[in-house]
Amino acid sequence: MKRFSFFTLLVLTLGLSAVLPVLAQSDVNLIALNDASPVISVVITLPADTTGTVALEFNGTAVRLTDATDAVVFSAADARLHALELNIAPNSGSHTLTVERLPGITEAVVRVSSLPELTLYGTTELVSDLAVVSNQEVSLPLTPDHPGDSVSVTVAGDSAGMITATFPGAGAATQLVDAAGALVVESVGGHVDGISLLVDPGTYQFTLVSSGLSAEATAGVRLVSADAIGIVALAAPVSTQEVGAESTACTAVVTVSSTNFRSGPGTGYTVVGYGYRDQVFEVGGRNAEDNWVLIASGAGASAWAARSSVQTEGACASLATFNVPLRDAQPAPLVITGSGQLSGRYSDDDDDDDDHGEHDEHDDDDHEHDDGEHDDD
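Residues numbered from 1 in each chain as written. Predicted model: local features only at pLDDT ≥ 70, side-chain atom pairs only at ≥ 80, totals over all residues. Heavy atoms only, no water.

Undergrad: For this particular structure, what's the right way to read the overall build of the protein chain?
TA: Summing up its helical and strand segments, the protein chain has one helix and 27 strands in all. By residue count, 42% of the 377 residues in the protein chain fall in the buried class. For the protein chain, the proportion of contacts with a sequence separation of at least 24, taken over those separated by at least 6, is 76%. On the protein chain, roughly 19,100 Å² of surface is accessible, and the fraction owed to carbon and sulfur atoms is 50%. (Helix = DSSP H or I, 4+ residues; strand = E, 2+ residues; numbered from the N terminus. Buried < 20%, exposed > 50% of the residue type's maximum accessible area, 1.4 Å probe, protein only. Contact = heavy atoms within 4.5 Å. Areas by Shrake-Rupley, 256 points an atom, 1.4 Å probe, with all protein chains shown as cover.)

Put into structure tokens, the structure is as follows:
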């Protein structure tokens, strides 16, 4: 059976307000990542001089954050990680958060939401050692001569632990590794200035190193028990739903000579491909307005097609609805410039400028005379 990959685009604008309407439904509904839809991507844009947090709960996924140049500034790909919050530093540009299945996972789940700022869970006791256990926190003074530290974090017992690190203004890179030195989480470039991580029990080392620090700053690392703050890790799907056979799959047949395929539902999104009459594509979802469908456009890629250009056939009644904003382009403005006026007579006289000027005046006189005669008539 042929399987296709779909790429779902969610546009998330973070500011100093509560969860925005664009993700209102995504905040309560889980997104399943399977063969039909293995990846989601969240575009994060902050207004100037502001910060904001994107929060994720998941099971069986890998997460990465890229900047406007497509450079990876945060990455995590470990089954021991179940939730995270990333606080985006002010004026660090637009970012794209990508969530996909871990290798070998048939179906994963994720929930995405936006927050005004990083959550500080529970209460902690400040300690002086570079080691914390449940309900403890350590403060890390940072200077140009001492730009970072490593903190031992022990999540004891059977409950997961929430590790939270805050380092605004430090421009820091961070790493979380396990007792064997295996990388669990990493951030670089100073695009993230606060992280919360829900991890399984174990001993970890959290390292923070600031870059280009010109003045003193202070970072903090804290740990609270998931049980103490009432957080439960998101469970894996009970069963994996197989994609239906091709005979019952929902397909889209192009009904026009040619049509644009776009990166999102609406003419305001980028053109990523084309479809031609009678071509058939498998459909993996639709937008909330049900006027665009998400299709498998080939070679593991996907795109959005307008329903006005395709006809859907097969088992399409239960298509997944993706909460992707409808974005239509505004008509292009037309600006007409020029000061020329139409004259009643054109000359093809090739004489010099003086002769040409005299000829124009003569023509004008004739034109005025003709007009006068016509008016009299």
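Anyway, onward from the coordinates.
Undergrad: So what exactly am I meant to see when it comes to the state of the cysteines here?
TA: Cysteine pairs can be covalently joined through their sulfur atoms, and such a bond is termed a disulfide. Evaluated as defined, the whole model comprises one disulfide. What pairs with cysteine 250 in a disulfide is cysteine 316, and their sulfur atoms sit 2.0 Å apart. Taking the sign of the S-S torsion, about 100 degrees here, the bridge from cysteine 250 to cysteine 316 comes out right-handed. Residue cysteine 250 is found in the loop between β19 (217–225) and β20 (251–254), and its partner cysteine 316 is found in the loop between β26 (310–313) and β27 (321–322); the two are separated by 66 residues along the sequence. Cysteine 316 carries the same exposure label as cysteine 250, and that label is buried. (Disulfide = S-S within 2.5 Å.)

Undergrad: When you look at the side chain of serine 309 in this model, what are you seeing that I'm missing?
TA: Within the secondary structure, serine 309 is located in the loop between β25 (301–306) and β26. On the basis of relative accessible area, serine 309 is assigned to the buried category, the value being 5%. In contact with serine 309, not counting residues within four places along its chain, are Val253, Val254, Thr255, Val256 and Thr259.

Undergrad: Hey, could you run me through the environment of glycine 230 in this one?
TA: Tracing the chain through its elements places glycine 230 in the loop between β19 and β20. The exposure class assigned to glycine 230 is exposed, which follows from its relative accessible area of 61%. In this structure, the C-alpha to C-alpha distance between glycine 230 and tyrosine 121, residues 109 residues apart in sequence, is 10.0 Å.

Undergrad: Help me understand unusual backbone geometry in this model?
TA: Both trends apply: most residues other than glycine have a negative phi, and most peptide bonds are in trans. At aspartate 70, a residue that is not glycine, the phi angle is positive and equals roughly 70 degrees. One non-glycine residue, aspartate 278, adopts positive backbone phi at about 75 degrees. With respect to the helices, strands and loops of the structure, aspartate 278 is situated in the loop between β22 (271–276) and β23 (280–287).

Undergrad: Is there a simple way to think about the environment of glycine 104 in this case?
TA: Its place among the elements puts glycine 104 in the loop between β8 (95–101) and β9 (108–115). In this structure glycine 104 comes out as exposed when scored by relative accessible area, which is 78%. Between the C-alpha atom of glycine 104 and that of glycine 60, which follows or precedes it by 44 residues, the distance is 9.2 Å.

Undergrad: I keep staring at the packing of aromatic side chains and nothing clicks. Help me out?
TA: Each pair of aromatic rings is reported with the distance of its centres and the angle of its planes. Tallied over the full model, the rule gives one aromatic pair. Ring geometry for phenylalanine 261 and phenylalanine 281: centres 5.2 Å apart, planes at 90 degrees, overall edge-to-face. With a gap of 20 residues between them, phenylalanine 261 in strand β21 (residues 258–262) and phenylalanine 281 in strand β23 connect regions that are remote in the sequence. Its relative accessible area of 2% is what places phenylalanine 261 among the buried residues. By relative accessible area, which is 12% here, phenylalanine 281 ends up buried. (Phe/Tyr/Trp six-rings, centres within 6.5 Å; stacked < 30°, edge-to-face > 60°.)

Undergrad: What exactly am I supposed to notice about the side chain of asparagine 287 here?
TA: Relative to the assigned elements, asparagine 287 resides in strand β23. Judged by its relative accessible area of 0%, asparagine 287 falls in the buried class. Polar side-chain contacts of asparagine 287 include one of 2.8 Å to the side chain of asparagine 291. What asparagine 287 contacts, discounting residues up to four positions off in sequence, is Pro265, Trp292, Trp304, Thr321, Phe322 and Leu326. (Polar contact = N/O pair within 3.5 Å; in protein donor to acceptor, adjacent residues only side chain to side chain.)

Undergrad: Looking at this structure, how should I read the pattern of salt bridges?
TA: One side chain can pair with another of opposite charge once the charged atoms of both are near each other. This structure, assessed with the given rule, holds seven salt bridges. One salt bridge connects arginine 64 with glutamate 100, and the closest N-O pair in it is separated by 2.6 Å. One end of the pair, arginine 64, is in strand β5 (residues 61–66); the other, glutamate 100, is in strand β8, with 36 residues separating them in the sequence. You can call glutamate 100 partly exposed: its relative accessible area is 27%. For aspartate 290, the salt bridge goes to arginine 286, with nearest N and O atoms at 4.0 Å. (Salt bridge = Lys/Arg side-chain N within 4 Å of Asp/Glu carboxyl O.)

Undergrad: Would you take a moment to explain the environment of valine 112 for this structure?
TA: Looking at the element boundaries, valine 112 is found in strand β9. For valine 112, a relative accessible area of 1% puts it in the buried group. With 81 residues separating them in the primary sequence, valine 112 and isoleucine 31 have C-alpha atoms 8.6 Å apart.

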